[in-house]
Amino acid sequence: MTDPIIYAMIPARAGSTRLKMKNLALINGKPMISYAINAAKNSSIFEKIIVNSENENFALIAAEFGVEFYKRPEKLGSSKTKSDEVIADFIDHYKEADLLAWVNPIAPFQKGNDIISAVKHFFNKGLDSLITAEDKN
């Protein structure tokens with residue numbers, strides 16, 4: 001088998017209910033989402049890195065950080081939208097990808113090596129899906 005085509009999707013909803021535009025909140029002078037973009041880029045495992053949002057403001061961020069932008073339908077920007085709906089819409093538009101990695105835009109401490117480890121674990125265990133979490137114990 002040839003190497004799988006792996007895409008990173010960084011979802012960014014503009015209408016956060018508790019903290020408006022939290023993905024654009026500045027941390028050390030950079031928008032929070034930029035840390036996810038840089039972690040994905042530093043992993044060097046993705047064919048494409050794509051910011052996925054219903055809001056065009058994120059197209060500017062994507063361009064600034066040298067990644068692609070996908071404008072999802074407005075209806076998928078609701079606080080009631082399920083993650084599965086966002087993923088299904090995205091996959092519908094990027095059918096060529098063999099694997100999709102959802103890179104969380106509100107986890108500024110994730111590193112490229114964390115992403116590499118998760119993807120390696122996914123392949124080594126022969127999984128069809130994987131969700132990561134940090135054990136605080």
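Position numbers for residues count from 1 along each chain, tracking the sequence in the order it is written. Where totals are concerned, whole chains, interfaces and linings use all residues; where local detail is concerned, this predicted model gives features only for residues with pLDDT of at least 70, and gives and counts side-chain atom pairs only at 80 or more. Water and hydrogen atoms play no part in the side-chain values, which are based on all heavy atoms of the structure.

Peer 1: Could you clarify how one ought to interpret the packing of aromatic side chains in this entry?
Peer 2: Whether two aromatic rings pair depends on their centres lying within 6.5 Å, for rings of Phe, Tyr and Trp, where Trp uses its six-membered ring; planes under 30 degrees apart make the pair stacked, over 60 edge-to-face, and the rest tilted. What the rule picks out here adds up to five aromatic pairs. Aromatic side chains Tyr 70 and Phe 90 sit 5.9 Å apart centroid to centroid with 85 degrees between the ring planes, which places their arrangement in the edge-to-face category. In this pair, Tyr 70 is assigned in strand 5 (residues 68–71) and Phe 90 in helix 3 (residues 83–93), connecting sequence segments 20 residues apart. Buried residues are those whose accessible area, probed at 1.4 Å on protein chains only, stays under 20% of the maximum for their type, while exposed residues exceed 50% and partly exposed ones sit between those limits. Residue classification places Phe 90 among the buried residues on the basis of a relative accessible area of 1%. Secondary structure elements are defined from DSSP: runs of H or I of at least 4 residues count as helices, runs of E of at least 2 residues count as strands, and each element is numbered from the N terminus.

Peer 1: Please explain the pattern of salt bridges as it appears in this structure.
Peer 2: Two side chains carrying opposite charge are able to pair once their charged atoms lie near each other. Here, a salt bridge means any side-chain nitrogen of Lys or Arg that lies within 4 Å of a carboxyl oxygen of Asp or Glu. On inspection of all chains with the given rule, the structure shows four salt bridges. A salt bridge links Lys 71 to Glu 74; the shortest N-O distance between them is 3.1 Å. A salt bridge links Lys 95 to Asp 92; the nearest nitrogen and oxygen atoms lie 3.6 Å apart.

Peer 1: So what exactly am I meant to see when it comes to unusual backbone geometry here?
Peer 2: Trans peptide bonds make up the majority, and among non-glycine residues the majority have a negative phi. Phi is positive for Asn 28, which is not a glycine, with a value near 50 degrees. When you line up the elements, Asn 28 lands in the loop between strand 2 (26–27) and strand 3 (30–31).

Peer 1: Any chance you could explain the layout of surface pockets here in plain terms?
Peer 2: The method is simple in principle: a probe with the dimensions of a water molecule rolls over the atoms, and the space it marks as empty is what remains. Empty space within the largest pocket amounts to approximately 1,600 Å³. Taken together, 42 residues line the largest pocket, and the ones lying closest to its centre are Trp 102, Val 103, Asn 104, Ile 131 and Thr 132. Listing elements by their share of the lining of the largest pocket, those giving two or more residues are helix 3, strand 6 (99–102) and helix 4 (112–124). Residue composition of the lining of the largest pocket, by class: 22 nonpolar, eleven polar and nine charged. With a 1 Å grid spanning the protein atoms alone, the term cavity applies to any set of points in which a 1.4 Å probe fits but cannot get out, the term pocket to an open set with protein on both sides within 12 Å along at least five of seven lines, and the term lining residue to any residue with an atom within 4 Å of a point. Grid points are joined across faces, edges and corners, and a volume is the space filled by probe spheres set on the points. Just so you know the grouping, Ala, Val, Leu, Ile, Met, Phe, Trp, Tyr, Cys and Pro go in nonpolar, Asp, Glu, Lys and Arg go in charged, and all remaining residues, Gly too, go in polar.

Peer 1: Looking at this structure, how should I read the packing of helix 1 (residues 32–43) against helix 4?
Peer 2: To characterise two packed helices, one gives the angle between the axes of the helices and the distance between these axes. Axes here refer to lines fitted to C-alpha atoms; in helices the fit is confined to the stretch in contact. Angles between the N-to-C directions go from 0 to 180 degrees. Contact geometry of helix 1 with helix 4 gives a least axis separation of 7 Å together with a crossing angle of 60 degrees. The orientation of helix 1 with respect to helix 4, classified from their angle, is oblique. For the element pair helix 1 and helix 4, the recorded crossing hand is right-handed. Where helix 1 approaches helix 4, its residues Ala 39, Ala 40, Asn 42 and Ser 43 are matched on the opposing element by Gly 112, Ile 115 and Ile 116. Residue composition of the contact of helix 1 with helix 4, by class: four nonpolar, three polar and no charged. Note on terminology: angles under 35 degrees are roughly parallel, angles over 145 are roughly antiparallel, angles of 65 to 115 are roughly perpendicular, and the others are oblique. Note: crossing handedness is left-handed where the near helix turns anticlockwise from the far helix by less than a right angle, and right-handed where it turns clockwise. The criterion used for residue contact is that any of the two residues' heavy atoms lie within 4.5 Å.

Peer 1: Is there a simple way to think about helix 1 in this case?
Peer 2: Helical periodicity: at 3.6 residues per turn, an α-helix aligns residues three or four positions apart in one direction. How far a helix is expected to stretch is found by multiplying one less than its residue total by 1.5 Å. For helix 1, built from twelve residues, the straight-helix expectation of 16 Å at 1.5 Å per residue is met to within 8% by its first-to-last C-alpha distance of 18 Å. With nine of twelve residues buried, helix 1 is to be regarded as a mostly interior element. Among the residues of helix 1, those classed as buried are Met 32, Ile 33, Ser 34, Tyr 35, Ala 36, Ile 37, Ala 39, Ala 40 and Ser 43. Against strand 1 (6–11), strand 2, strand 3, strand 4 (48–53), helix 2 (57–64) and helix 4 lie the buried residues of helix 1. Trailing helix 1 by a residue or two, Ser 44 shows a phi angle of about 55 degrees, which is positive.

Peer 1: How should I be thinking about the sheet that holds strand 5 in this particular structure?
Peer 2: Within a sheet, each strand pairs with its neighbour through backbone hydrogen bonds, oriented either parallel or antiparallel. Here we have four strands laid out as an open sheet, ordered 5-4-1-6, and parallel in their pairing. The outermost strands of the open sheet, each flanked by one partner alone, are strand 5 and strand 6. Within this sheet the neighbouring strands show an average axis-to-axis angle of 30 degrees, counted without direction. In this description, strands pair whenever DSSP reports at least two bridges between them. Alignment of strand 1 against strand 4, held across five bridges, turns out to be parallel. The partner of Ile 10 across the bridge, within strand 4, is Val 51. Lying over the sheet, helix 2 contacts strand 4 and strand 5, oriented at roughly 165 degrees with respect to strand 5.

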